[in-house]
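As a plain string of letters, each chain reads:
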Amino acid sequence: MRCDRYHTPVCDTLRAGRLGAALWGREEGRWIMAAIDYSRFWTVPERPVPTWQEEVFQYDFGGANPGPDVMPIEDLAEAARAVIHEEKTLIARYPPTYGPVRTREVILHKMAAHRGVTWPSIHDVLTTNGSAQGITLCLETLTRPGDTIITDRFFYQGAVRAFVAAGLRIATVERDDDGMRMDMLEERLHALRQEGVTPKFIYTIPSPQNPDGSIMPPERRTRMLALAREYGTLILEDDCYVDQTLDVNAMPPAIAALDGAQERVIYIATFSKIISPGVRVAWVAADHRLVERMAAYKQDVGNDYLSGLIVAKYLEDHLDSRISHLNARMRHKRDTMVAALGENFGPLVSMTTPKAGMFVWAEFPADTDMQALEPITQERGVRYLGGHQFSPIGEGSRRARFNYSFPTPEEIQEGVSLLASVMRSEGALPD
């Protein structure tokens, strides 16, 4: 703001030196606002601003969402029209902290029908602004800086950022093709007990895991719950990708569905993976005492009423058919991504064809730095996520996660080919 150009009362006061003298000065004959040193006001350390959501890439393999080519536009529009008429009185009000009753009823139905999870009532369910808010609420109500949690060596990058930002001690456990190894988990829990440490929770994505796509078998789920009981900790079960079954006839029941699990398991899930992440409707389900505590920390005056009601209306009519249609399209995209990576990289890439989920977790030769290549490939219009983003200590630079649910099959083929070309031009791959 330059007050030499304006003659408002505020500017006249500033020029007269009666207000904010320390903040204003003259430069080349003009009054300008001097830079303020805000450092004495900060209470938290500086973090990079996550701007990738605002950027558009020609070939985007970085996200975790269905693409616009599979959006149920007409059905969503019809649901919106219907619910605005049906629920106009509710929409005129502030939404309840726990979320719309209609939305929570749909959530209870989905958990029971698809995951075998039967919580007693809607009071055990808290709707959230995406699953990330659910994770944040768990951290705010259960942890303090320095507390210990247990999770995989590589896991969902949003949770990595949240756990690191919360100042947690993150104890990791090795995995195999069936997910987290229970013998290693028991060793980790025992070692922590010897230190006098009880972890606040075990964070797991079992159905399927992000980023590697593995599916934890039922016996491991049962064993994890038993270990949580034995060592006096909780389980934070992230079930966000469970609807993308692809080649799986039936996903194993949720850990939260096991006998006696509901006092021990906090269950997080979302509708963004079957509709769109632009529709921020997700939830936390847990013992009502935990949910009540989290609700008290949910200072957002309630989630968007209209979005929650539109999602409820749409899924009341289309839940099973939507999941079936989406999986048929994603199966083809998955096959296209695996084929494209194989054709363009051959033996230079190691990967497992995922049976479920949205991602191919790929490993490149030992001297390949996918972290350093990210900004270079993005400038050429290709986005993926380097493996370091899925590690709390930043390891995994030779790995990358490729999403196949968002781009079209044609974009997958073109984008992977361009990626290989860029990597070769940068000397990351042999010609």
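Now for a look at the structure at hand. Because the structure is a prediction, the values reported are computed rather than measured.

As a further point, take the overall build of the protein chain. Each helix and strand counted, the protein chain has 12 helices and 16 strands in total. Over its C-alpha trace the protein chain gives a radius of gyration of 25 Å, about what one expects of a compact globule, namely 22 Å for 431 residues. Expressed as lengths along the three principal axes of its C-alpha atoms, the size of the protein chain is roughly 75 × 60 × 55 Å. A buried classification covers 51% of the 431 residues belonging to the protein chain. Counting contacts in the protein chain only where the partners sit at least 6 residues apart, residues at least 24 apart contribute 74% of the total. Of the accessible surface of the protein chain, which amounts to about 20300 Å², a share of 51% is contributed by carbon and sulfur atoms. Looking at the protein chain, you have 47 positive and 58 negative side-chain charges, and the mean spots of the two groups are 5 Å apart.

Quick look at the side chain of T148 now. Position of T148 relative to the elements: it lies in strand β5 (residues 148-152). Under the relative-accessibility criterion, T148 is labelled buried at 5%.

A few words now on the packing of aromatic side chains. What the rule picks out here adds up to 14 aromatic pairs. Centre to centre, the rings of F364 and F402 are 6.5 Å apart; their planes meet at 65°, and the pair counts as edge-to-face. Of this pair, F364 sits in the loop between β13 (359-363) and α11 (370-379) while F402 sits in strand β16 (residues 399-403), and the two are 38 residues apart along the sequence. There is no split in this pair, since F364 and F402 are both buried. The rings of F61, F345, F364, Y384 and F402 are connected pair by pair, giving a single aromatic cluster. The residue whose ring lies beneath R401 is F359, and the NZ or CZ to ring-centre distance is 3.7 Å.

Moving on, we get to the sheet that holds β16. Adjacent strands of a sheet form backbone hydrogen bonds with each other and so pair up, either parallel or antiparallel. A sheet is described by the order of its strands in space; here 3 strands give the open sequence β13-β16-β15, paired in antiparallel fashion. With partners counted over all chains shown, the strands left at the sheet margins are β13 and β15 (385-386), one partner each. Note that β13 and β16 share 5 bridges and pair antiparallel. Following the sheet pairing, E363 is matched in β16 by R399.

Residues A282 and V284 line one face of strand β12 (residues 282-285) and the alternating positions W283 and A285 line the opposite face, and both faces are buried. Strand direction decides the pairing type here: strand β11 (residues 265-270) and β12, joined by 4 bridges, are antiparallel. Counterpart to A269 in the pairing with β12 is W283.

The first and last C-alpha atoms of helix α2 (residues 73-86) sit 20 Å apart over 14 residues, in line with the 20 Å expected at 1.5 Å per residue. Listed in full, the buried residues belonging to α2 are L76, A79, A80, A82 and V83. Along its buried surface, α2 packs onto α3 (88-91), α4 (101-115) and α10 (305-345).

Okay, the pairing of strand β9 (residues 201-204) next. Of the two faces of β9, the one carrying F201 and Y203 and the one carrying I202 and T204 are both buried. Pairing of β9 with strand β10 (residues 234-238) involves 4 bridges; the strand directions are parallel. Paired with F201 across the strands is L234, a residue of β10.

Before going further, it helps to spend a moment on the side chain of S272. Within the secondary structure layout, S272 lies in the loop between β11 and β12. Ignoring any residue separated from it by four or fewer positions in sequence, one finds S272 in contact with P66, P277, V279 and V281.

Opposite charge on two side chains permits them to pair, given that their charged atoms come into close proximity. Enumeration according to the criterion identifies 27 salt bridges in this entry. Its salt-bridge partner being D176, residue R220 comes within 2.8 Å of it at the nearest N-O pair. Of this pair, R220 sits in helix α8 (residues 218-230) while D176 sits in strand β7 (residues 175-176), and the two are 44 residues apart along the sequence. On the accessibility criterion, R220 (16% relative accessible area) is buried. Note on D176: relative accessible area 32%, which makes it partly exposed.

Each value, and the rule that gives it
Each chain carries its own residue numbering, running from 1 in the written order of its sequence. Predicted model: local features are reported for residues with pLDDT of at least 70 only, side-chain atom pairs are reported and counted for 80 or more only, and whole-chain, interface and lining totals are derived from all residues. Here the side-chain values reflect all heavy atoms present in the structure, with hydrogen atoms and water set aside. Each helix is a run of H or I in the DSSP string that is no shorter than four residues. Each strand is a run of E no shorter than two, and both are numbered from the N terminus. The quantity called the radius of gyration is restricted to C-alpha atoms. Its globule counterpart is 2.2 Å times the number of residues to the power 0.38. The buried label goes to any residue with under 20% of its type's maximum accessible area, the exposed label to any with over 50%, and the partly exposed label to all in between, with areas taken from a 1.4 Å probe on protein chains only. Any pair of residues with heavy atoms lying within 4.5 Å of one another is described as a contacting pair. In this description, accessible areas are obtained by the Shrake-Rupley approach with a 1.4 Å probe, and a residue is regarded as covered only by the protein chains that are shown. In this count, Lys and Arg are taken as positive residues and Asp and Glu as negative ones, while His and the chain termini are left out. For the purpose of locating charges, the reference atoms are NZ of Lys, CZ of Arg, CG of Asp and CD of Glu. Aromatic rings from Phe, Tyr and Trp, taking only the six-membered ring of Trp, are treated as a pair when their centres fall within 6.5 Å; an angle between ring planes under 30 degrees marks them as stacked, one over 60 as edge-to-face, and anything in between as tilted. In our convention, an over-ring charge means Lys NZ or Arg CZ found within 6 Å of a ring centre and within 35 degrees of that ring's normal. Two strands pair under a simple rule: DSSP has to find at least two bridges between them. Helix span is expected to be 1.5 Å times the residue number reduced by one. By definition, a salt bridge exists where a carboxyl oxygen of Asp or Glu is found within 4 Å of a side-chain nitrogen of Lys or Arg.

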